[in-house]
Every structure is written in structure tokens, then in C-alpha cells.
Amino acid sequence: MTPEEPALDDEAALLERLPAGVRKRLCADWRAVLEERSAAAVDWRWAANPTGDEDLSPLSPQRMGFRPERHRKLPAPEGRELTLYGYDAGGRTLVAIERDGTGADDYYGLFWHDEAESLALRVQAPNGPWPAQLLAAWRSRNVDSRPVTIEHLGAEGGSVEQCRWDGDRVVEVRHESRAREWNLSFRDVVVWKGAKLLRIERHWKDGPVEVKFERLPSGVTLEVLAAELETELVERIPSAVAEAFGRGTRICALALGYCDGEKSLPPHLVACPEAVRRELLEENEDDFWYRWQAAEWMSAADVPELVDYGGPDFKARCEQVDRQVRLGGDERVTGRVLQAVARRLNELDWHGRLDVTDDFLVYPWEVHGESLEADIAACAPRPGRRRR
């Protein structure tokens, strides 16, 4: 596919780009192809996404800023989202079966390999009678069984990746976007120390350099970085809020916004004017939700909020903790850090900084509201502690 070629707007156009033999078999019987790929697998494992075996691109989880999940032996647990992987004798993926929490199939990955080429398909499982729906495809040209050119085909366009290897380690991936409505071209630089992956930098075309993966130096842990950032947030937030919001509007709550699994630091600061809360509580029966769900305040009025604050060094420290949270695999770390920040901020005397009510409270706010009650309960000042 070249930049001048039309995008693949439907499944038929995507099928036409596949090798003739695979296309013919898929058109004849999708289920038979899935069964054939499954029967060819000699080793089965399960894992939570992503593991790096979902497509053909090397180090794909780390290059997206996530830790690859570990493969585990069967049987797989019931009642949770997971993926079953079937491998050939050489450890290459032949089939991936994504299942929802009820055990039903959601998506399939189908793979074919030889020394010179590999093919991967992402397929949506049918909700009812077959056939399934083809969503995307990856084709790679291989040298010594390693991908050197990877073409991605999809309905919104696609991309081509050129991979440079040093022995069995990829050291650079050039990604050329061919999407119709946005340009996401970049170059990933991969740094190794022996067999240990140290760092991945993403150099955006005509844009900034972004660190996607970083192994912390010996002796430095996420816990240490998070504790240091907690103290810095406690020091910075009061002055940032006082400068941005000023006095004159009586404030009854300050929400520290975050989103599990996403970049959330520094937190989005949203203040609730007393008049806005009073109006919401008069109009709605759900007292707790409208009292504390900041999204409701923002929908009801133009409330004070602050997204961009702090200098470049502070933001870099926030990005580092965000990145290590994603690589660590525990999305709850950000919420726990902000709970600790809120507790310490609630021990301050805010009257000299903002015009606040006597019951003014600072608390973490997960934007979807899923942990609202737990966050509120965790951030109240400890008994016997006086605001200072």
C-alpha cells in the first residue's frame, strides 16, 4: 500500500490484499481456518493483554508504554478477561483467542509464518452465526526469521514499519503512518545493555521526543519516586490553586482528577463553588454523586479548573511516575498517591489561600467515578489532626 492508494474502507477490500491462498480459505470457511490454526498449536498459554504476541511488531507493549504481561500455563482462570495463545514448536504465535469475563470469545488473532514472511489477522468473533469480521492485517518481510518490514492494513489507512536489528535485538523502528486523517509518523530508538532493555525513545516527526519505556537505575524504585512526588504535589498545589482561582468565589471542594491506566499526573484540579453544589443538590436526589462527582459540576457551570501548572522539571517528574505506573502494571498506584496528597492537603488551613467553606475537602477524583466512595473515605483528615 502506498500513500496514493485508497484506504481499505471495507472488509472485502482488506481481504483482497491478503495472499490468495489465505483469502480463498477464509472466504470458504472462517471457522475451519480458526480450527486449523488451533490444531496446529503444540503449546498453549494464557495471559492478560498485552503480551507482545498480538501482532508482528517487535516490543509492541513496551513501545506503547506498557509492561508485557507474563504467559502462564493452562488452565486459565474463569470469570476474567484474558487471551489464550497457541504456539508452534518454534515458539511462534499461531492463534490468539481473546475472551471476555463470561468466557465468550471476543476477538481472534490468526498467524502464518515462514522464513521470509509472516501474516497476522485481527478478527472480531461473530455475535451469532459465522463468518467472523476481519478488522486488520499485518504482513512482514523477514530476514533470519526477524521482521525487517511490517505493513499494517486497516480501514482507517495503515502504516509501514522498518526495523533495524543488532543481532537478535531490535535497535530502531521507523514508523510511517498512512492514515487518512492524521499523521503519526515517528522513529523509536531502543537502547539495550546486553540482554536488558533500558530505554525506548519515540522521536515524533516534526515533534518532541517522548520516553515510552525506561528501566530505573539500581536502587531507585517507583515507591521512592512516588513518595517524592507526593511531597512535591503537597507543596505545589496550594500555591497553584491560589494563583489560578484567587478569592471571591466560595469553594466547598477541590477534586484531584485522574484516570486509571492513563497519564494523570499532575492531577487535573477542579474546584466546586458552594453555589453550584447547592443548585445541584436542590435539583437531584442522588446527594452523594452530585456532591462529589466533579464531572457534574463541570456540566452544570463554568467552574474553576486547572490543568497546566508547574515547570518543565516538575512535569518531567510527573511523566516519569506516570510511565513507571503503567510499566509496573498496577493502575491503583496513582489513586493511592493522590489519596495521600489529599490527606495532607486537608490538614492545611486553606482560609488564607482560598475563600473556602468550613467543610471544604480535597479528594482524588477518578474521572469515571468508579472509586469515588473509596477515595472520599480515604482522604479525610486523621482524627486529632488540626488544620494548620
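Residues numbered from 1 in each chain as written. Predicted model: local features only at pLDDT ≥ 70, side-chain atom pairs only at ≥ 80, totals over all residues. Heavy atoms only, no water.

## Notes on the overall build of the protein chain
Each helix and strand in the protein chain was counted, giving 11 helices and 17 strands. Dimensions of the protein chain, computed from C-alpha atoms along their principal axes, come out at roughly 75 × 50 × 45 Å. Per-residue burial for the protein chain yields a buried fraction of 46% across its 388 residues. For the protein chain, long-range pairs separated by at least 24 residues make up 52% of all intrachain contacts whose partners lie at least 6 apart in sequence. Split by element, the accessible area of the protein chain, about 20,100 Å² in all, is 48% carbon and sulfur. A gap of 7 Å separates the mean positions of the 53 positive and 71 negative side-chain charges of the protein chain. (Helix = DSSP H or I, 4+ residues; strand = E, 2+ residues; numbered from the N terminus. Buried < 20%, exposed > 50% of the residue type's maximum accessible area, 1.4 Å probe, protein only. Contact = heavy atoms within 4.5 Å. Areas by Shrake-Rupley, 256 points an atom, 1.4 Å probe, with all protein chains shown as cover. Lys, Arg positive; Asp, Glu negative; His and termini not counted. Charge placed at Lys NZ, Arg CZ, Asp CG, Glu CD.)

## Observations concerning helix α3 (residues 30-40)
Every α-helix carries 3.6 residues per turn, so stepping three or four residues along brings you back to the same face. Taken together, the buried positions of α3 are W30, V33, L34, R37 and S38. When α3 is viewed along its axis, its buried side chains cluster within an angular range of 130° and face the same direction. One side-chain oxygen of the residue at the start of α3 lies 3.2 Å from the amide nitrogen of R31, identifying that residue as D29. (Arc of directions from axis to C-beta. Polar contact = N/O pair within 3.5 Å; in protein donor to acceptor, adjacent residues only side chain to side chain.)

## With respect to the sheet that holds strand β15 (residues 268-273)
Taken in spatial order, the 4 strands make up an open sheet running β16-β15-β14-β17, and their pairing is mixed. Strand pairing shows two members of the sheet lacking a second neighbour, β16 (305-306) and β17 (356-366), which therefore form its edges. Sheet topology note: the β15/β16 ladder contains 2 bridges and is antiparallel. Within the sheet, the bridge partner assigned to L269 lies in β16 and is L306. (Pairing = 2+ DSSP bridges.)

## As for the packing of helix α10 (residues 332-345) against helix α11 (residues 372-379)
In the contact formed by α10 and α11, the axes pass within 8 Å of each other and the chain directions differ by 40°. The angle between α10 and α11 falls in the class oblique. As α10 packs across α11, the resulting crossing turns out to be right-handed. Taken together, the residues of α11 that come into contact with α10 (itself represented by Q339, A342 and R343) are A374, D375, A378 and C379. Grouping the constituent residues of the contact of α10 with α11 by class yields 4 nonpolar, 1 polar and 2 charged. (Axes fitted to C-alpha atoms, helices over the stretch in contact; angles between N-to-C directions. Parallel < 35°, antiparallel > 145°, perpendicular 65-115°, else oblique. Left-handed = near helix turned anticlockwise from the far one by under 90°. Nonpolar A, V, L, I, M, F, W, Y, C, P; charged D, E, K, R; others polar.)

## Regarding the confidence of the model for the protein chain
When pLDDT is averaged along the protein chain, the result is 88; 93% of the residues meet or exceed 70. Segment residues 1-8: pLDDT under 50, and 20 contacts once partners within four positions in sequence are set aside and those in other chains are kept. (pLDDT = per-residue confidence, 0-100.)

## Focus on the packing of aromatic side chains
A full pass over the atoms with the stated rule returns 5 aromatic pairs. A cation sits over an aromatic face here: R236 above F314, 4.6 Å from the ring centre. When the ring centre of W292 is taken as reference, the NZ or CZ atom of R277 above it lies at 4.7 Å. (Phe/Tyr/Trp six-rings, centres within 6.5 Å; stacked < 30°, edge-to-face > 60°. Lys NZ or Arg CZ within 6 Å of the ring centre and 35° of its normal.)

## Describing the packing of helix α5 (residues 222-245) against α10
Interaxial distance between α5 and α10 falls to 9 Å at its minimum, and their mutual angle equals 40°. Between α5 and α10, the interaxial angle falls into the category oblique. Read as a crossing pair, α5 and α10 show a hand that is right-handed. Between α5, through L222, A226, E230, T231, L233, V234, I237 and P238, and α10, the contact on the second element is made entirely by V333, V337, L338, A340, V341, R344 and L345.

## Points about the environment of R45
Positionally, R45 belongs in strand β1 (residues 43-47). Here R45 falls in the partly exposed class, since its relative accessible area comes to 24%. Expressed as a C-alpha distance, the spacing of R45 and W30, which sit 15 residues apart in the sequence, is 23 Å. Excluding anything up to four places from it in sequence, R45 contacts H71, R72, K73, L74, T83, L84, Y85 and Y87. Engagement of the side chain of R45 in a polar contact is seen with the side chain of D43, the distance being 3.5 Å.

## What to know about the side chain of S140
With respect to the secondary-structure elements, S140 resides in strand β7 (residues 133-143). For S140, a relative accessible area of 5% translates into the label buried. A polar contact of 2.8 Å, which involves the side chain of S140, links it to the side chain of N142. With residues near it in sequence (within four places) discarded, S140 still touches L56, A116, E117, S118, P147, T149 and I150.

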